[in-house]
Amino acid sequence: MKRRISILGSTGSIGRQALEVIEKLEDKFEIIALAAGGNTDLLNEQIKKFKPKFAYASKPENIEGAEYVSMEEICSNRDNDIILVAVSGRVGLRPTITAINNGIDIALANKETLVMAGDIVMPLAKEKGVKIIPVDSEHCAIHQCIKDIAQVDRLIITASGGPFLRKTVEDMKNATVQEALAHPRWNMGKKITVDSATLMNKGLEVIEAHHLFGMDYDRIKVVVHPQSVVHSAIEYVDGSVIAQLGLPSMHIPIQYAITYPERFEGIKSRSFSFSEIARLDFEEPDWDKFKALDLAIEAGKIGGSATVCLNAANEEAVFAFLDGRIKLFDIVHTVEDMMSKHVVVKNPTLDEIFDIDNEIRAKTKELFLNFV
Ligand code: NDP
Ligand code: MG
């Protein structure tokens, strides 16, 4: 029987690659709905090709060839076996919760869902018996390595180090948008690419891992691995380490997540060759240069609304950097400033999370008025 799937964020980097996977496995999937933001030209091409019954875009009147529905409606449609949440930003959170409430499994790419509300999302998924299968390559790797979480001592998350790994602090201070977007290993959306340059992305991934696998922060280790071949690893209590390896391509974790627990050849283009790769390097992160990493882990440890503040301030600062209004280092200074002023709410409700998110964004934007 075909697996019935919907994709939120079908026009983005993850969404487009997911459709490439589905194209290779067309006899295995039926697409129920596609959702995009503003790129209705691409969405309409996708509708023509994949023929979903329903579609969402921020301008419904531009949709051609499918019936308009909201993302909430997509996630309430129990015809779905699985929903790939690959929108960027906080818009992923409410639809994910709706899908979980409807008992629909989730392939989760959207980081913000767990960073903002992991304490709500994960217990709800457990209560409803819903699987949350990670798409993020590091978490997908860990998901593949874990047999019994109770026997795992540590999670080891790898980081490529981004474009500034071998650059000085001075180089980073003067970095252009173009330099920050020139990621050596991964081709991703702009926001996550800037986060990868500051290592904020790795910090967000530590928070994600904490929620996904229920692991204490002091048992999650980050190691820099420039080749991005070891996607992450786990260490069992007996010292045995299991890692997941593969060529750096998001097609593989996307395919894993949407076909789980089955595996197919699908997108595989060539075999993995240890001798071709020849060497794998590992090193400690430079915590002084990449302060965002520490900041994110601290926010995770504080918990409650601290990660909401971190995420909102960071996202607004990244947008300001991409707009050329602030420098790369201003991102982490901004987040630090907002975090230091934030009064943490311990167990925020979903509404409180959105209120705090709005408040931090407004305050962050206000801060930038002084930068112009
Ligand atoms: P992109 O910026 O490439 O794509 C974002 C997608 O979300 C687009 O389809 C966009 O639509 C859609 N979107 C944005 N805002 C809205 C909105 N308000 N309503 C509906 N749709 C919206 O991002 P990525 O694909 O890179 O990343 C998506 C998520 O996955 C992020 O949370 C990211 O952190 C995570 N992730 C990404 C990885 C990667 O390799 N790219 C790796 C691991 C995680 P449109 O373009 O039509 O406006
Ligand atoms: Mg990742």
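The preceding data block contains the structure.
In this report, we go over the structure that sits alongside the text. The model shown is predicted, which means the values in this text are computed figures rather than measured ones.

Right, let's talk about the site of ligand 1 for a bit. Residues in close proximity to ligand 1 total 25 residues, the closest being Thr11, Gly12, Ser13, Gly38 and Asn39. Between ligand 1 and glycine 9 there is a distance of 3.3 Å, counted from an oxygen atom to a backbone nitrogen or oxygen. Glycine 37 places a main-chain nitrogen or oxygen 3.0 Å from an oxygen atom of ligand 1. The protein chains hide 81% of the 890 Å² of surface that ligand 1 would expose on its own. In terms of residue class, the shell around ligand 1 is built from 11 nonpolar, 11 polar and three charged.

The subject of this paragraph is the side chain of histidine 251. Here histidine 251 is to be found in helix 11 (residues 251-259). Under the relative-accessibility criterion, histidine 251 is labelled buried at 17%. Here glutamate 20 takes part through its side chain, which lies 2.6 Å from a polar atom of the side chain of histidine 251. Look past the residues within four positions of histidine 251 in its chain and what remains in contact with it is Gln17, Glu20, Val21 and Ile267.

It is worth spelling out the coordination of the magnesium ion (ligand 2) at this point. Protein-derived ligands of the magnesium ion (ligand 2) are Asp136 (OD), Glu138 (OE) and Glu205 (OE), with the metal-ligand distances lying across 2.1 to 2.2 Å. By relative accessible area, glutamate 205 is classed as buried at 1%.

Compared with an ideal rise of 1.5 Å per residue, which puts 12 residues at 16 Å, helix 13 (residues 291-302) spans 17 Å between its outermost C-alpha atoms and is within 8% of the ideal. For helix 13, the set of buried residues is Ala292, Leu293, Leu295, Ala296, Ile297, Ala299 and Gly300. The secondary structure elements touched by the buried residues of helix 13 are helix 9 (190-198), helix 10 (200-213), strand 9 (220-224), helix 14 (306-322) and helix 15 (328-341). Just downstream of helix 13, glycine 303 is the residue with a positive phi angle, here 75 degrees.

The omega torsion across tyrosine 260 and proline 261 is 5 degrees, close enough to zero to call that bond cis. Tracing the chain through its elements places proline 261 in the loop between helix 11 and helix 12 (274-277). Even without being a glycine, lysine 51 presents a positive backbone phi close to 50 degrees. Locating lysine 51 in the fold gives a position in the loop between helix 2 (40-50) and strand 3 (54-56). A relative accessible area of 63% means that lysine 51 is categorised as exposed. Residues other than glycine seldom take positive phi values, yet alanine 278 does so here, at roughly 65 degrees.

A few words on the pairing of strand 5 (residues 82-85). Alternating residues of strand 5 divide into Ile82 and Leu84 and Ile83 and Val85, and every residue in both groups is buried. In terms of strand pairing, strand 1 (residues 3-8) meets strand 5 through four bridges, oriented parallel. Each residue of the ladder has a partner; that of leucine 8, found in strand 5, is valine 85. Summarising the sheet, strand 5 and strand 6 (residues 105-108) pair through four bridges and their orientation is parallel. The partner of isoleucine 82 across the bridge, within strand 6, is aspartate 105.

Right, let's get into the pairing of strand 1. For strand 1, the buried fraction is high: five of the six residues fall into the buried class. Relative to strand 2 (residues 29-35), strand 1 is paired through six bridges, and the arrangement is parallel. Paired with isoleucine 5 across the two strands is isoleucine 31, which belongs to strand 2.

Pairing is mixed in the open sheet, where four strands are placed in the order 9-8-10-11. The sheet is open, and its two edges are formed by strand 9 and strand 11 (241-245), each paired on a single side. On average, each strand axis in the sheet is tilted by 20 degrees relative to the strand beside it, whichever way the strands run. Strand direction decides the pairing type here: strand 8 (residues 152-159) and strand 9, joined by five bridges, are parallel. Following the sheet pairing, isoleucine 156 is matched in strand 9 by lysine 221. Each of strand 8 and strand 9 is contacted by helix 10, which is oriented at about 150 degrees to strand 8, the strand it contacts most.

For the structure on display, the rule yields 25 salt bridges. Linking lysine 111 and glutamate 208 is a salt bridge whose minimum nitrogen-to-oxygen distance equals 3.8 Å. Of this pair, lysine 111 sits in the loop between strand 6 and helix 5 (112-128) while glutamate 208 sits in helix 10, and the two are 97 residues apart along the sequence. Accessibility classification places lysine 111 together with glutamate 208 in one group, the buried group. Between glutamate 315 and arginine 361 there is a salt bridge, and its shortest N-O distance comes to 3.6 Å. Here arginine 361 lies in helix 16 (residues 350-369) and glutamate 315 lies in helix 14, a separation of 46 residues in the sequence. By relative accessible area, glutamate 315 is classed as buried at 7%. One connected set of salt bridges, linked through shared partners, spans Lys111, Asp136, Glu138, Lys202, Glu205 and Glu208.

Take the sheet that holds strand 6 next. By way of backbone hydrogen bonds, the strands of a sheet pair with one another, either parallel or antiparallel. Spatially, 4-3-2-1-5-6-7 is the arrangement adopted by the seven strands of the open sheet, whose pairing is parallel. Two strands lie at the open edges of the sheet, namely strand 4 (67-68) and strand 7 (132-134), each paired on one side alone. Each of strand 1, strand 5, strand 6 and strand 7 touches helix 4 (residues 93-101); the most contacted strand, strand 6, lies at about 150 degrees to it.

Cut-off values and rules
- Residues numbered from 1 in each chain as written.
- Chains lettered and ligands numbered in written order.
- Predicted model: local features only at pLDDT ≥ 70, side-chain atom pairs only at ≥ 80, totals over all residues.
- Heavy atoms only, no water.
- Near = heavy atom within 4 Å.
- Polar contact = N/O pair within 3.5 Å; in protein donor to acceptor, adjacent residues only side chain to side chain.
- Areas by Shrake-Rupley, 256 points an atom, 1.4 Å probe, with all protein chains shown as cover.
- Nonpolar A, V, L, I, M, F, W, Y, C, P; charged D, E, K, R; others polar.
- Helix = DSSP H or I, 4+ residues; strand = E, 2+ residues; numbered from the N terminus.
- Buried < 20%, exposed > 50% of the residue type's maximum accessible area, 1.4 Å probe, protein only.
- Contact = heavy atoms within 4.5 Å.
- Donors = N, O, S within 2.8 Å, 3.2 Å for Na, K, Ca; no water.
- Expected span 1.5 Å × (residues − 1).
- Pairing = 2+ DSSP bridges.
- Axes fitted to C-alpha atoms, helices over the stretch in contact; angles between N-to-C directions.
- Salt bridge = Lys/Arg side-chain N within 4 Å of Asp/Glu carboxyl O.

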